[in-house]
Amino acid sequence: MDDDVGKNFSLFVHHDWTYTSPEPGSSSKTESVNYDDPLFIHPSDNIVTTVVNFKLIGTKNLCIWRSSMTRSLKARNKLEFVEGKVTKDSNDELQSLKWERANAVVCYWILGSLSESIYSGHAYSESATKNWDELFETYNK
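Rules and cut-offs
- Residues numbered from 1 in each chain as written.
- Predicted model: local features only at pLDDT ≥ 70, side-chain atom pairs only at ≥ 80, totals over all residues.
- Heavy atoms only, no water.
- Helix = DSSP H or I, 4+ residues; strand = E, 2+ residues; numbered from the N terminus.
- Buried < 20%, exposed > 50% of the residue type's maximum accessible area, 1.4 Å probe, protein only.
- Contact = heavy atoms within 4.5 Å.
- Expected span 1.5 Å × (residues − 1).
- Arc of directions from axis to C-beta.
- Polar contact = N/O pair within 3.5 Å; in protein donor to acceptor, adjacent residues only side chain to side chain.

Participant: Explanation requested: the environment of Trp109 in the structure shown.
Facilitator: Within the fold, Trp109 resides in helix α4 (residues 93-112). For Trp109, a relative accessible area of 2% gives the class buried. It is 6.5 Å that separates the C-alpha atoms of Trp109 and Ile47, two residues lying 62 residues apart in sequence. Among all residues touching Trp109, those that are not within four sequence positions of it are Asp45, Asn46, Thr49, Val51, Met69, Leu73, Arg76 and Lys78.

Given below as structure tokens:
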């Protein structure tokens, strides 16, 4: 019985599914979905999702904010965005679009966790990595 539980659990740990969805101008499209791909956006991971329960207010709470954000991003498989390990592939239009969408979500999560007093200084950055690095450089004192 324990072996069955392990097998069933492993099905949920690594997801690599194929689904068919309609595409404009054609009858259907088959695409593989890899839930372990950092570019995958789960339906519950959207721009209104709160990823930490408090706002970054500056130097006073940078360490705890960064630690909480790191854990949250890691749990959502998006930490590599702020680390600069997931980059935009300009040679592949579909991958590029997926990267832009996922990067935008991570940017919103970061911006949504900033206090009003520091939000405006980072609102115009379009890179999660740039936002992450600038926040650290500015408030790590």
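There's more to say after this.
Participant: Would you mind showing me how to read helix α6 (residues 128-139) here?
Facilitator: An α-helical turn contains 3.6 residues, so a residue and the one three or four places further along point in the same direction. Relative to the 16 Å expected for twelve residues at 1.5 Å per residue, α6 spans 17 Å between its end C-alpha atoms, a close match to the ideal helical length. Among the residues of α6, those classed as buried are Ala128, Asn131, Trp132, Leu135 and Tyr139. One face of α6 carries all of its buried residues, which in axial projection span an arc of 100°. Residues of α6 that are buried in the fold lie against α2 (62-75), α3 (79-82), α4 and α5 (116-119). Looking at where α6 begins, the residue whose side-chain oxygen comes 3.3 Å from the main-chain nitrogen of Thr129 is Ser127.

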